[in-house]
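Coordinates in review
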Amino acid sequence: SFGSHNIVAADDRLAGLEWIFLRMQGPVVLLGMAALLFLAWRKIMACLPSERPYVLPELTLRVICVVLVLYIMSGRMFSPQYLTWITPLGLFLSVRVSLRLSLLLVVTLALTHTIWRTMGLSFELFRPWAFFLLLLRNGMLLGWGLGLWLSPIPLRTQTDARRS
């Protein structure tokens, strides 16, 4: 498992919920990706043709980050490798938006690492308090993803225009 933790029910009382969780990742990520691509297309079409070359690269990177958020939130694995997937690009994009969004990502990533290092077995056994922490982390991650997605994309400035 390379350090990841499967989230499974501790007893038969949660078996139905476990069955749902184990089968939700694929459809949730596919539907989310389809929705994001549609919304990204609408954002591009709403831009002036002269703005599109400046909006498209950042919008593409934001879509990648939000897809990663969907994947992390809908997965049944709780793994520190997710930190390496989202940290570099997430911080780069967050810093471009605001300090508050950057801090939210850093706190969320720190919570992910803390949970994994100190309470990993509790997630494997699906303890209610551990599940609450996972939901808290997922809510923070979703808030970061929405903040990134909904924030305006900075357009080319006068300084950038003079450099080219």
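Reference entry: report on the structure contained in this document. Residue positions are given per chain, counted from 1 along the sequence in the order it is written. Only residues with pLDDT of 70 or above have their local features reported here, since the model is predicted, and side-chain atom pairs are shown and tallied only from 80 upward, although totals for entire chains, interfaces and linings are computed over all residues. By convention in this description, side-chain values take in all heavy atoms of the structure and omit both hydrogens and water.

The secondary structure listing takes helices from DSSP runs of H or I that are at least 4 residues long and strands from runs of E that are at least 2 residues long, numbered from the N terminus. Secondary structure summary: the chain contains 6 helices and 2 strands in total. Counted from the first residue to the last, the chain has its helices and strands arranged as β-α-α-β-α-α-α-α. Residue exposure (1.4 Å probe, protein chains only): buried if accessible area is under 20% of the type maximum, exposed if over 50%, otherwise partly exposed. Relative to its full complement of 164 residues, the chain shows a buried share of 37%. Pairs of residues are marked as contacts when any of their non-hydrogen atoms sit within 4.5 Å. Partitioning the intrachain contacts of the chain with sequence separation of at least 6 by distance along the chain shows that 76% fall at a separation of at least 24. Using the Shrake-Rupley algorithm and a 1.4 Å probe, accessible areas are obtained, with residue cover drawn only from the displayed protein chains. Carbon and sulfur atoms make up 70% of the accessible area of the chain, which amounts to about 9,800 Å² in all.

Looking now at the packing of aromatic side chains. The rule is short: rings of Phe, Tyr and Trp, with Trp giving its six-membered ring, pair when the centres are within 6.5 Å, and they are stacked under 30 degrees, edge-to-face over 60, tilted in between. Scanning the entire structure with this criterion turns up 2 aromatic pairs. Seen from their ring centres, Tyr71 and Trp85 are 5.7 Å apart, and the 45 degrees between their planes marks the pair as tilted. A residue pair is termed long-range when its members are at least 10 positions apart, and Tyr71 in helix α2 (residues 52-74) and Trp85 in helix α3 (residues 81-97) qualify at 14 residues. For Tyr71, a relative accessible area of 31% translates into the label partly exposed. Since its relative accessible area comes to 34%, Trp85 is described here as partly exposed.

Turning our eyes to something else, we now look at the packing of α2 against α3. An axis is simply a line fitted to the C-alpha atoms; with a helix, the fit covers only the stretch in contact. Between two such axes, the angle follows the N-to-C directions and lies from 0 to 180 degrees. Across the interface, α2 lies against α3 with an axial gap of 10 Å and an inter-helix angle of 135 degrees. Relative to α3, α2 is oriented oblique. As α2 packs across α3, the resulting crossing turns out to be left-handed. Here Glu58, Leu61, Arg62, Ile64, Cys65, Leu68, Val69, Tyr71 and Ile72 of α2 lie close against α3, whose contacting residues are Tyr82, Trp85, Ile86, Leu89, Gly90, Phe92, Leu93, Arg96 and Val97. A per-class count over the contact of α2 with α3 returns 14 nonpolar, 1 polar and 3 charged. Angles are sorted into four bins: roughly parallel if under 35 degrees, roughly antiparallel if over 145, roughly perpendicular if 65 to 115, and oblique for all others. With the far helix as reference, a near helix turned anticlockwise by less than a right angle produces a left-handed crossing, and one turned clockwise produces a right-handed crossing. When residues are sorted by character, Ala, Val, Leu, Ile, Met, Phe, Trp, Tyr, Cys and Pro go into the nonpolar class, Asp, Glu, Lys and Arg into the charged class, and all the rest, Gly among them, into the polar class.

It is worth spelling out the side chain of Arg137 at this point. Inspection of the secondary structure assignment puts Arg137 in helix α5 (residues 128-150). Think of a polar contact as two N or O atoms within 3.5 Å of one another; within protein, one of them needs to be a possible hydrogen donor and the other a possible acceptor, and neighboring residues in sequence only count if both atoms come from side chains. Reaching out from Arg137, the side chain makes a polar contact with the side chain of Asn138 at a distance of 2.8 Å.

In a soluble, globular protein the nonpolar side chains are often hidden away together inside. Take the buried residues of types Ala, Val, Leu, Ile, Met, Phe, Trp, Tyr and Cys, join any two whose side-chain atoms come within 4.5 Å, and each joined set is a nonpolar core. Cys65, Ile86, Trp144 and Leu148 are the most contacted members of the largest nonpolar core, which totals 15 residues. Contributing elements (two or more residues each) for this core: α2, α3, α4 (99-124) and α5. The leading source of residues in this core is α3, at 5 residues. Among the nonpolar cores identified, the runner-up in size contains 12 residues, and Val55, Val63, Trp149 and Ile153 belong to it.

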